[in-house]
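Letter by letter, the chains look like this.
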Amino acid sequence: VAPLEDGFHPKQEGDGSKSNPRIDLISVIHQAQAGTHIYLYPGEYKMKTLKRVFGHKTSMVTSKHSGTRSHPIVLSTVPELFNQTQGHIARINWQFSNKTPNPRTWAFGLYKNYWIIENIEMENALNRIFWVSGRYNIIRNSHLHHVHSDQRDPLDNDGIVMITSAADGYNFILHNYMHHIG
């Protein structure tokens, strides 16, 4: 997947190959099946802009399918291009646009199982970046930051990751750099 360029038109959406990458990150995440590797080119992915250009109802993303133990779904910066210290990283910027009718707001609903999210930067989300209710998921080696309350629910809290399940499984949050919460 490549960042959205100025002047892009949805009819120019690629086929997902290295030479013709997809642009609609929201759809790519929603369509991911077991064994899918979603590799993002370094650059900024503006979710509010993707929502508008592709006509999505929200900029939030949701895992709609599970991977398997031997075929997880992976979301990562292109491995051979990733170099965080030099700024070569895919940066997903929600632009504080991840609102829902439900006052409990998040940017990435990780509802399904066997996802690996790594070597990504995610920023500017309302209330939290991840809501994890699936199992056997791993979020690692990422830079997660700038989460603020949308003030619609005084009982809701800000955070980077909210985990609501895994009683009979696990979710690992490993080696992430997290800051600017609330």
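All values reported here derive from a predicted model rather than from experimental measurement.

J.: Let's hear about unusual backbone geometry: which residues, and what values?
T.: Positive phi values are uncommon outside glycine, yet Tyr114 reaches one of about 60 degrees. Examined against the element boundaries, Tyr114 turns out to sit in the loop between strand 6 (108-110) and strand 7 (115-118). For Tyr114, a relative accessible area of 17% puts it in the buried group. A positive phi is found at His175, a non-glycine position, where the angle reads about 55 degrees. Note on placement: His175 falls in the loop between strand 13 (171-174) and strand 14 (177-181).

J.: Tell me what's going on with the pattern of salt bridges, and back it up with residues and numbers.
T.: Summed over the entire model, instances satisfying the criterion amount to 4 salt bridges. Ionic pairing is found between Arg91 and Glu44, a salt bridge with its closest N-O pair at 3.1 Å. Residue Arg91 is found in strand 5 (residues 90-93), and its partner Glu44 is found in strand 2 (residues 43-46); the two are separated by 47 residues along the sequence. By relative accessible area, Glu44 is classed as partly exposed at 25%. Two residues, Arg140 and Glu118, come together in a salt bridge whose shortest N-O distance is 2.7 Å. Linking Arg140 in strand 10 (residues 137-140) with Glu118 in strand 7, this pair joins segments that are 22 residues apart in sequence. You can call Glu118 buried: its relative accessible area is 16%. One salt-bridge network, in which partners are shared between bridges, spans Glu44, Arg91 and Glu123.

J.: Would you mind going over the sheet that holds strand 6 in detail, with residue names and values included?
T.: Within the open sheet, the 4 strands sit side by side as 3-6-9-12. Their pairing is parallel. Looking at which strands have only one partner, the edges of the open sheet turn out to be strand 3 (61-62) and strand 12 (159-163). Inspection of the sheet shows strand 6 paired to strand 9 (residues 128-132) by 3 bridges, in the parallel sense. The residue bridging Phe108 from the neighbouring strand is Phe130, located in strand 9.

J.: Describe the environment of Tyr170, naming the residues involved and giving the relevant values.
T.: Structurally, the position occupied by Tyr170 is in the loop between strand 12 and strand 13. Spatially, the C-alpha atoms of Tyr170 and Asn137 are 7.1 Å apart, while their sequence positions differ by 33 residues. Apart from residues lying up to four places away in sequence, Tyr170 is in contact with Arg135, Tyr136 and Asn137.

J.: Tell me what's going on with the packing of aromatic side chains, and back it up with residues and numbers.
T.: The description of two aromatic rings rests on the distance between their centres and on the angle between their planes. For the structure shown, the criterion picks out 7 aromatic pairs. Both rings, one in Phe108 and one in Trp115, keep their centres 6.0 Å apart while their planes meet at 80 degrees; by these two values the pair is edge-to-face. Residue classification places Phe108 among the buried positions, given a relative accessible area of 0%. A relative accessible area of 0% places Trp115 in the buried class. One aromatic cluster is present, formed by Tyr114, Tyr136, Tyr170 and Phe172 through successive ring pairs.

Procedures and definitions
- Residues numbered from 1 in each chain as written.
- Predicted model: local features only at pLDDT ≥ 70, side-chain atom pairs only at ≥ 80, totals over all residues.
- Heavy atoms only, no water.
- Helix = DSSP H or I, 4+ residues; strand = E, 2+ residues; numbered from the N terminus.
- Buried < 20%, exposed > 50% of the residue type's maximum accessible area, 1.4 Å probe, protein only.
- Salt bridge = Lys/Arg side-chain N within 4 Å of Asp/Glu carboxyl O.
- Pairing = 2+ DSSP bridges.
- Contact = heavy atoms within 4.5 Å.
- Phe/Tyr/Trp six-rings, centres within 6.5 Å; stacked < 30°, edge-to-face > 60°.

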